[in-house]
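# A structural walkthrough
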Amino acid sequence: MANTEEDSLPILREEVEAAINTIKLEKSAGIDNIPSELVKAGGEAMITALTTICNNIWSTGIWPTPWKQSLSQIITLPKKGNLQLCNNYRTISLISHLSKVMLKIILNRLKPVVETIIADEQAGFRTGRRKETELTSLVNRLDQAASSYGIEISAEKTKLMANNTQGITSKVNVSGTCLETVKSFKYLGSIISDEGSKAEIIARIAQTTAVLAKLQTIWRDRNITLRPKIQLMCSLAMSVFLYACETWTLTAELEKRIMSTEMRCYRKILGINYTDHVTNAEVDGTVTEAIGPHNDFLTIVKKRKLRWYGQVSRSSGLAKTILQGTVKGGRKRGRQKKRWEDNIPKWTGLSLAETQRATKRFMDKSIRYR
């Protein structure tokens, strides 16, 4: 890349002073053992010295060796969970506070250039750009584009749901009507919630219980053997419960709910009351004798989700972009909410990168043998 006129401009004393003012106090020193308090207390002498050093780096591209090194290279800080696992540690590097001055100057010079390159739709991590403002602008443009084709957005049926801890604070209007902000909504028969899949699974359990109750006459009929009863349950009740289970994000609590729902269905068919003190193992043994080896509800959910994950990973559509795409920034400290893809490594014993490579190898073999 050819040098521009700005590349040849020397670093000004005011830039160095502004960068020093942004340094935070009470932070650990780097390998040079110079604390941030000393840098800020250095006054005019420190500004003069750093201006000379920074201009030398700017013109030669050579950084002082201590500025490129971090103390102890990488420092591990424990998080929650089993500390014998590497995944339960986060890492930091302590670099020199003096090098942060130069880095801040470079960042400040890059910002005006980056603003001319980033698309207007990108609102996150930009100074003076709020996501709510961009959301309002996006909705207005969508409304205008729809109107040009004679299509009207229904404000009554259109809802907003935030995917962050702050929520949506500003109002978004469509044709003069304020859109409602909700914590959950139903889409294609499934409940989409900012709290994960718990609301959807609880609703599915309630619907399955209602189906079982409607078939109470069949369950009590002694002229019908156990095998057709179980087949009927799988066709009518299980299909209701497992609808769109590929989208579920499962936690240990939800997995227990799924297993207890299955046992409740079988106990209902077998006429077993909770006061009979019959174990789940005995119930499963009775079902196996009637229909032979079978997959439990939880295994079916896992298989369906893994099958859908493989299909998306082998595709080239928007679903793959959303699943494998990343955004700038990091997650907050502390215990994190479980994400949809977090189930995949736990169930397969492979990392996400390894599963993606595995699905690609499977696709290559499918193409080869066609």
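The structure we're discussing is the one just above.
Here's what I pulled together on the structure shown here. (Residues numbered from 1 in each chain as written. Predicted model: local features only at pLDDT ≥ 70, side-chain atom pairs only at ≥ 80, totals over all residues. Heavy atoms only, no water.)

Topologically, Gln 207 is positioned in helix 7 (residues 198-214). Gln 207 sits in the partly exposed class, given a relative accessible area of 29%. A sequence separation of 34 residues divides Gln 207 from Phe 241, and the C-alpha atoms of the two residues are 7.3 Å apart. (Helix = DSSP H or I, 4+ residues; strand = E, 2+ residues; numbered from the N terminus. Buried < 20%, exposed > 50% of the residue type's maximum accessible area, 1.4 Å probe, protein only.)

It is worth spelling out helix 3 (residues 43-60) at this point. In a regular helix each residue adds 1.5 Å, so 18 residues correspond to 26 Å; helix 3 covers 26 Å between its end C-alpha atoms and thus fits that length. Every buried residue of helix 3 is accounted for by Met 46, Ile 47, Leu 50, Thr 51, Cys 54, Asn 55 and Ile 57. With its buried residues spanning 160° around the axis, helix 3 presents them on a single face. Away from its buried face, by an angle of more than 90 degrees, helix 3 presents the exposed residues Ala 45, Thr 52 and Ser 59. In this fold, the buried residues of helix 3 make contact with helix 1 (13-21), helix 2 (36-41), helix 4 (65-68) and helix 5 (97-115). The first or second residue beyond helix 3 is Gly 61, which carries a positive phi of 80°. (Expected span 1.5 Å × (residues − 1). Arc of directions from axis to C-beta. Contact = heavy atoms within 4.5 Å.)

So, on to the packing of aromatic side chains. Taken as a whole and assessed by the stated rule, the structure comprises five aromatic pairs. Between Tyr 309 and Trp 340, the aromatic rings sit 6.3 Å apart at their centres with planes inclined by 35°, giving tilted as the arrangement. Pair noted here: Tyr 309 is in helix 12 (residues 297-314) and Trp 340 is in the loop between helix 13 (318-324) and helix 14 (343-348), with a separation of 31 residues, a long-range link. No difference in accessibility class separates Tyr 309 from Trp 340, as the two residues are buried. Arg 109 extends its terminal NZ or CZ atom over the ring of Trp 58, reaching a point 4.6 Å from the ring centre. (Phe/Tyr/Trp six-rings, centres within 6.5 Å; stacked < 30°, edge-to-face > 60°. Lys NZ or Arg CZ within 6 Å of the ring centre and 35° of its normal.)

On to the packing of helix 10 (residues 252-270) against helix 11 (residues 280-291). Helix-helix packing: each pair is described by the crossing angle between the helix axes and the interaxial distance. Viewed as axis vectors pointing N to C, helix 10 and helix 11 meet at an angle of 65°, and their least axial separation amounts to 10 Å. Classified by the interaxial angle, the pair formed by helix 10 and helix 11 is roughly perpendicular. Between helix 10 and helix 11 lies a crossing of left-handed hand. For the pair helix 10 and helix 11, the contacting residues are Met 263, Tyr 266, Arg 267 and Leu 270 in the first and Asn 280, Val 283, Thr 286 and Val 287 in the second. Within the contact of helix 10 with helix 11, the residues separate by chemical class into five nonpolar, two polar and one charged. (Axes fitted to C-alpha atoms, helices over the stretch in contact; angles between N-to-C directions. Parallel < 35°, antiparallel > 145°, perpendicular 65-115°, else oblique. Left-handed = near helix turned anticlockwise from the far one by under 90°. Nonpolar A, V, L, I, M, F, W, Y, C, P; charged D, E, K, R; others polar.)

Glancing now at the nonpolar core. Membership of the largest hydrophobic core comes to 27 residues, with the highest contact counts inside it found for Met 233, Trp 248, Leu 250, Ile 258, Tyr 266 and Phe 297. Within the residue set of this core, elements represented by two or more residues are helix 7, helix 9 (226-241), helix 10, helix 11 and helix 12. Looking at this core, the element that brings in the most residues is helix 10, giving six residues. Once you skip the residues sitting within four places of it in the chain, Leu 250 turns out to touch Ile 201, Glu 255, Ile 258, Leu 298, Val 301, Lys 305, Lys 338, Asn 343 and Trp 347. Judged by nonpolar contacts, the second largest core, of 16 residues, contains Ile 11, Met 46, Ile 47 and Trp 67. (Core = buried A, V, L, I, M, F, W, Y, C linked by side-chain atoms within 4.5 Å.)

Two numbers describe how helix 9 lies on helix 11: the axes approach to 9 Å, and their chain directions differ by 100°. Between helix 9 and helix 11, the interaxial angle falls into the category roughly perpendicular. Along the contact surface, helix 9 presents Leu 226, Arg 227 and Ile 230, while helix 11 presents Thr 286, Val 287, Ala 290 and Ile 291.

Moving on, we get to the pattern of salt bridges. Tallied over the full model, the rule gives eight salt bridges. Residues Arg 109 and Glu 15 are paired through a salt bridge, measuring 2.8 Å at the closest nitrogen-oxygen approach. With Arg 109 in helix 5 and Glu 15 in helix 1, this residue pair connects regions lying 94 residues apart in the sequence. What makes Arg 109 buried here is its relative accessible area of 19%. Close ionic contact of Glu 253 with Lys 198 constitutes a salt bridge, the shortest N to O distance being 3.3 Å. Residue Glu 253 is located in helix 10, and its partner Lys 198 is located in helix 7; the two are separated by 55 residues in the primary sequence. (Salt bridge = Lys/Arg side-chain N within 4 Å of Asp/Glu carboxyl O.)

With that settled, consider the state of the cysteines. In this structure the tally under the stated criterion is zero disulfides. In this structure Cys 265 is not part of a disulfide, and its nearest cysteine sulfur, from Cys 234, lies 8.9 Å away. On the accessibility criterion, Cys 265 (1% relative accessible area) is buried. (Disulfide = S-S within 2.5 Å.)

So, on to helix 12. The end-to-end C-alpha distance of helix 12, which contains 18 residues, comes to 26 Å, matching closely the 26 Å that a straight helix rising 1.5 Å per residue would cover. Taken together, the buried positions of helix 12 are Phe 297, Leu 298, Ile 300, Val 301, Lys 305, Tyr 309, Gly 310, Val 312 and Ser 313. At the N-terminal end of helix 12, a side-chain oxygen is found 3.1 Å from the backbone nitrogen of Leu 298, two or three residues along, and the residue is Asp 296. (Polar contact = N/O pair within 3.5 Å; in protein donor to acceptor, adjacent residues only side chain to side chain.)

With that settled, consider a nonpolar patch on the surface. Residues Phe 185, Tyr 187, Leu 188, Ile 192 and Tyr 243 make up a contiguous nonpolar surface patch of roughly 500 Å² in combined accessible area. With respect to the element layout, Leu 188 can be found in the loop between strand 7 (184-187) and strand 8 (190-193). Classification of Leu 188 as exposed rests on a relative accessible area of 61%. (Patch = residues over 30% accessible without salt bridge, like charges linked within 9 Å, V, L, I, M, F, W, Y side chains within 5 Å. Areas by Shrake-Rupley, 256 points an atom, 1.4 Å probe, with all protein chains shown as cover.)

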